[in-house]
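Close look at the chain arrangement
Chain residues, written in single-letter form:
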Amino acid sequence: MNEASGEFSASGGREAPIRVELSGVAASSGIGIGVAFVVDRRRVQIPRTKIEREQIEEETRRVQDALRAVRQQIEAIKGRLPHGEHRQILKAQQMMLRDPDLIERTETLIREELRCAEWAVSTVADEIHEMLDRADDAYFRERRSDIIFLSERVVLALIGENTPEIVPPPGSVVIAHDLSPADTAQLHRLQVAGIVTAAGGKTSHSAIMARSLQIPAVVGVAGVLGKVQSGEPVVVDGVRGVVIVRPAADEVVSREGERDRYNAFEERVQREHAFPAITQDGLRVVTRANLAITEDIELGSRYGAEGIGLFRSEYMYMNREALPTEEEHYRTAKAVIRRYTPYPVIVRTFDLGSDKPSKLVSFAKNEANPAMGLRSIRLALRERELFLEQLRGLLRAAVHGPLRIMLPLVSSIEELEDGLEAVEEAREQLEAAGMAYASEVPVGVMIETPAAALIADLLAARVDFMSIGTNDLIQYTLAVDRDNDDVDYLYQPLHPAILRLIRAVAEAGARADVPVSLCGEMAADPRYTWVLVGLGITELSMSPSAVPVIKHIIRGSQAAEMRALCEEVLASNSARDASALVVAAMRRRFPEHLRHGGGAASEGDD
Amino acid sequence: MNKAQEVAEEVEIVNPLGLHARAASKLVSLANKFQSDVFLTKGETEVNAKSMLGVLMLACAKGSKVRLRCVGVDAAACNEALVKLVRAGFGEL
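Residues numbered from 1 in each chain as written. Chains lettered and ligands numbered in written order. Predicted model: local features only at pLDDT ≥ 70, side-chain atom pairs only at ≥ 80, totals over all residues. Heavy atoms only, no water.

1. Details of the overall build of chain A
To keep things clear, this is the line we draw: In this description a helix means any DSSP run of H or I spanning at least four residues, a strand means any run of E spanning at least two, and both kinds are numbered starting from the N terminus. The globule rule used here is 2.2 Å times the number of residues to the 0.38 power, and the radius of gyration it is set against is calculated over C-alpha atoms. Relative accessibility under 20% of the residue-type maximum defines a buried residue, over 50% an exposed one, and the middle range a partly exposed one, all with a 1.4 Å probe and only protein chains included. Throughout, a contact is declared for two residues whenever any of their heavy atoms are within 4.5 Å. Reported accessibility uses the Shrake-Rupley method at a 1.4 Å probe radius. Residues are deemed covered only where the shown protein chains occlude them. Here Asp and Glu are counted as negative and Lys and Arg as positive; His is not counted, and neither are the chain ends. Lys charges are placed at NZ, Arg charges at CZ, Asp charges at CG and Glu charges at CD.
Within chain A, the regular secondary structure consists of 23 helices and 17 strands. Its C-alpha radius of gyration of 26 Å places chain A within 12% of the 25 Å reference for a compact globule of 606 residues. Counting only C-alpha atoms, chain A reaches 75 × 65 × 45 Å along its principal axes. Counting every position in chain A, which comprises 606 residues, the buried fraction comes to 56%. A sequence separation of at least 24 residues applies to 69% of the contacts in chain A between residues at least 6 apart. Carbon and sulfur atoms make up 50% of the accessible area of chain A, which amounts to about 25,000 Å² in all. The distance from the centre of the 71 positive side-chain charges to the centre of the 91 negative ones in chain A is 3 Å.

Next comes the structure, spelled out in structure tokens:
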């Protein structure tokens, strides 16, 4: 916003290779030092052609397809993120793409003015932009950029191009006029050192995203684009809201020291990522990674995961034009197995539903209650051909290494038997076709409903492993939709009911000698490590970046003290008491882990 | 068959951030649960309260007075639910 006085002349500073200090809004804490990567996103060329009357239908359909495609793009980005505010923002954007006024106005322009789809969409976006422009309140004016970003994505989808991704080299400081929430989410994966934007304030969506993804960021730095070129050194001080372009050499050194202290802890934990997670008294805990096809397959091994504890196969059905074939399931699974052998890869069969849709599968329209509707294993059993297609691919891939098949949302023995029967049928089909397949593929279930947890002993007698999906287990047990702002305060992982269910499943598994793992977001949260291991869970699967911190905690602990805390926690009457106990204990022992640990931990206490 | 009714009421936006994106998404989601058409008026501008963009375009800051108008068979219930949400500050107070 303001330049420090005397260090920079008003004009012509462009050529002067001198230090410039710019101030802006500290949007996301942390210190980033790196080489500038200036994003020069040229505006999309919008085709403006008139259509013939006969094309009205087709243009209208193209708009609908494009809106859906962009909704799915955002869904895919959303799915890769940890839970938090950034997901709400992407959700609001999806709602805009479903907006009845927007669709109606666009269709009117196509029908009455015979404008092509791209032209109609961008006209509507301009109209909305203009209206928001007149708002007195800064917040609403900031929403203009959301509209522009969305309409650009839609136009690109119409033209048949993907939104060009911003791909800075790792360690860059990204300098842009503004970044869409979707862009920011992508940068998270690319390990940029920091973000500086000319536009935006503390409430801009990219600021919120950066914060929740822990990328140092300063926003609202007016004119930054004219003052820095790609390749120049930049310091982003997201603690104080300062950006230093072309810093002096000694300043870089002192800033680096500061950054390094901040990062030292993180690095130490990372360095030890490959050491096994064994407690000081000898309990071995297996830590695996959750992975989807949309993510980098290497992620898990980079962070020291011992295999894939949850491969989210449903992403193979999203954002695309044709269903995945048996061959594709085979090739995908084989690629993951190849990467992780000798560690296992646990593939969850497609977990789709009307709340997690694929345009390739027909869903019941307007389910009043999607979470309790036709989804996961229920959908798989009904769309049996689709299910068999996937199972055949997986059974074939298992020839190449230790693949395991996991059935989601199983809530009864009948459902499990139907699922196992489908696996058997897939095997027979392969046999009849003379294809090579693995005959001994472990099949397990996810424990995601209270019903499944309560009959864990019955399920354990018929499966090779069980995996607790805490996100859904908490939702169904406490009857709380955590994406609903009115009730999300009730989403309490340490609710006594949840703790009892997890313990019951762990005990049922131990009695039947069936391994029990846990693959919800709880597994990635350093606050819960002691409780979970104390409850008897010795396999945790989590977002890859959380693996090193969780392993580090386990190596610094004794199983005996975890169990002792767990006993205390189990004796508490409420989630509030349990949470106070757990947070106090973990803060005392692992303050840095809690501060630097997985994104979930930074979002406040339960 | 039930007759379509019209119920209208003036409400004040009381939450600190005004009708921003998340509050607007709550309002729109709730409005969409009813059959009635729902309109929101501020000054001279009336928008469809089932439209996220419409609601955002009203740019209601804290303290704005808006008129909520529900037209349809479930207008009374719809009006009641929405007024309650607005008065409760969208759960943000």
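Next comes the rest of the account.
2. A word on the overall build of chain B
When you go through chain B residue by residue, the secondary structure sums to three helices and four strands. For chain B, the N- to C-terminal ordering of α and β elements is β-α-β-β-α-β-α. A compact globule built from 93 residues would reach a C-alpha radius of gyration of about 12 Å, and chain B, at 12 Å, matches this within 12%. Summarising its shape, the C-alpha atoms of chain B cover approximately 40 × 25 × 20 Å along the three principal directions. Within chain B, the proportion of its 93 residues that are buried is 52%. Per element, the accessible surface of chain B, about 4,300 Å² overall, is 49% carbon and sulfur. Side chains of chain B give 12 positive and 10 negative charges; the mean places of these two sets differ by 5 Å.

3. Some points on the sheet that holds strand 7 (residues 233–237) of chain A
All names here are of chain A. As a reminder of what qualifies: A pair of strands is considered paired only if DSSP assigns at least 2 bridges between the two. Axes, fitted as lines to C-alpha atoms, cover a helix only where it is in contact. Angles between the N-to-C directions of the axes lie from 0 to 180 degrees.
Sheet architecture is open: eight strands sit in the order 1-8-7-3-4-5-6-2, paired in mixed fashion. The strands lining the two open edges of the sheet, one partner per strand, are strand 1 (20–23) and strand 2 (25–28). For this sheet, the mean inter-axis angle between neighbouring strands, taken without regard to orientation, is 30 degrees. Examined bridge by bridge, strand 3 (residues 31–38) and strand 4 (residues 172–176) share four bridges and lie parallel to one another. Bridge assignment links V35 to a residue of strand 4, and that residue is S172.

4. Side note on the domain arrangement of chain A
How we decide: Note that the domain bounds were set by an automatic or database domain assignment.
Examined at the domain level, chain A breaks down into domain 1 (20–41 + 166–269), domain 2 (53–159) and domain 3 (272–603). When each unit is reduced to the centre of its C-alpha atoms, the spacing between domain 2 of chain A and domain 3 of chain A is 35 Å.

5. Notes on the pattern of salt bridges
Residue and element names in this part refer to chain A. To be explicit about the condition: Salt bridges, as used here, are contacts in which a Lys or Arg side-chain nitrogen is within 4 Å of a carboxyl oxygen on Asp or Glu.
Evaluation of the coordinates by the stated rule reveals 36 salt bridges over all chains. The salt bridge involving D65 is made with R68; its shortest N-O contact spans 2.7 Å. You can see D65 and its partner R68 sitting in helix 1 (residues 56–79), three residues apart, about one turn around the helix. Residue classification places R68 among the partly exposed positions, given a relative accessible area of 30%. For K78, the salt bridge goes to E75, with nearest N and O atoms at 3.5 Å. A residue pair is termed a helical-turn pair when its members lie 3 or 4 positions apart in one helix, as K78 and E75 do in helix 1 at three residues. Of the two residues examined, K78 and E75, each falls in the buried class. Each of E314, R348, D351, R375 and D472 takes part in one network of salt bridges that share partners.

6. Regarding the state of the cysteines
All names here are of chain B. Using the following cut-off: Two cysteine sulfur atoms make up a disulfide if the distance between them is within 2.5 Å.
Scanning the model with the defined rule gives zero disulfides over all chains in all. Free cysteine C70: the closest other cysteine sulfur is in C78, separated by 3.7 Å. Relative accessible area serves as the criterion here: at 0%, C78 is assigned to the buried category.

7. Some words on the packing of aromatic side chains
Residues and elements named next belong to chain A. To be explicit about the condition: Pairs were defined over the aromatic rings of Phe, Tyr and Trp, the Trp ring being its six-membered one, requiring ring centres within 6.5 Å. Orientation was assigned from the angle between planes: stacked under 30 degrees, edge-to-face over 60, tilted for the rest. Here, a charge over a ring is recorded when the distance from Lys NZ or Arg CZ to the ring centre is within 6 Å and its angle to the ring normal is within 35 degrees.
For the coordinates displayed, the defined rule picks out three aromatic pairs over all chains. Ring plane angle 55 degrees and centroid distance 5.0 Å describe the contact between Y317 and F350, whose orientation is recorded as tilted. Of this pair, Y317 sits in the loop between strand 11 (308–312) and helix 11 (326–340) while F350 sits in the loop between strand 12 (345–348) and helix 12 (376–382); the two residues are 33 residues apart in sequence, bridging distant segments of the chain. Note on W530 and F590: the rings are 6.1 Å apart at their centroids and 80 degrees apart in plane angle, and the pair reads as edge-to-face. With W530 in helix 19 (residues 529–534) and F590 in the loop between helix 22 (575–589) and helix 23 (591–596), the pair connects residues that are 60 residues apart, well separated along the chain. The two residues W530 and F590 agree in class, both being buried. Members of the aromatic cluster, each reached through a chain of ring pairs, are Y317, F350 and F387. Here R396 stacks its cationic end above the ring of Y330, 4.3 Å away from the centre of that ring.

8. Here's the deal with the interface of chain A and chain B
Cut-off, in case you're wondering: Whenever a nitrogen or oxygen atom comes within 3.5 Å of another N or O atom, the pair is scored as a polar contact, on the condition that within protein one atom can donate a hydrogen and the other can accept it, and that pairs from neighbouring residues in sequence are kept only if both atoms are in side chains. For this scheme, ten residues count as nonpolar: Ala, Val, Leu, Ile, Met, Phe, Trp, Tyr, Cys and Pro. Four count as charged, namely Asp, Glu, Lys and Arg, and the remainder, Gly too, count as polar.
Tallying the contact residues gives 21 residues for chain A and 21 residues for chain B. Summed over the shared surface of chain A and chain B, the number is one salt bridge. K26(B) is the salt-bridge partner of D486(A), the closest N and O atoms lying 3.6 Å from each other. Taken together, the connections running from chain A to chain B amount to five residue pairs in polar contact (both at pLDDT 80 or more). Sorting the residues of the side of chain A that touches chain B by element identifies helix 2 (85–96), helix 3 (100–113), helix 4 (117–133) and helix 5 (138–159) of chain A as the ones contributing at least two each. With five residues, helix 2 of chain A is the largest single contributor of residues to the side of chain A that touches chain B. When its residues are assigned to classes, the side of chain A that touches chain B shows 12 nonpolar, two polar and seven charged.

9. Topic: the side chain of T123(A)
Mapping T123(A) onto the fold places it in helix 4. Those residues in contact with T123(A), other than ones at most four positions away along the chain, are L109(A) and R115(A).

10. What to know about the confidence of the model for chain A
Residues and elements named next belong to chain A. Counted only if it meets this: In predicted models, pLDDT denotes the confidence assigned by the predictor to each residue on a 0 to 100 scale.
Of the residues in chain A, 90% have a pLDDT of 70 or more, and the chain-wide mean is 86. Below a pLDDT of 50 lies the segment residues 1–16, which in the model reaches 29 contacts outside its immediate sequence neighbourhood of four places, other chains included. When the criterion is pLDDT under 50, residues 597–606 qualifies, and its contacts beyond four places in sequence or with other chains add up to 25 contacts.

11. Points about the pairing of strand 1 of chain A
Residues and elements named next belong to chain A. The side-chain alternation of strand 1 yields one buried face, formed by V20 and L22, and one unburied face, formed by E21 and S23. In this structure, strand 1 lies alongside strand 8 (residues 242–245), joined through four bridges in antiparallel fashion. Paired with V20 across the two strands is V245, which belongs to strand 8.

12. Brief notes about helix 6 (residues 181–189) of chain A
For helix 6 of chain A, the buried fraction is high: seven of the nine residues fall into the buried class. Looking one or two places after helix 6 of chain A, you find Q191(A), whose phi comes out positive at around 55 degrees.

13. Topic: helix 13 (residues 384–397) of chain A
The periodicity of an α-helix, 3.6 residues per turn, causes residues three or four places apart in sequence to face the same way. All names here are of chain A. Our working rule: Under the convention used throughout, the expected extent of a helix is 1.5 Å for every residue step, that is, one less than its residue count.
Given a rise of 1.5 Å per residue, 14 residues ought to cover 20 Å, and the 20 Å separating the end C-alpha atoms of helix 13 matches this to within 8%. Of all 14 residues making up helix 13, 11 are buried, and the element is well covered by its neighbours. Buried within helix 13 we find L386, F387, L388, Q390, L391, R392, G393, L394, L395, R396 and A397. Residues of helix 13 that are buried in the fold lie against helix 11, strand 12, helix 12, strand 13 (403–407) and helix 14 (413–433).

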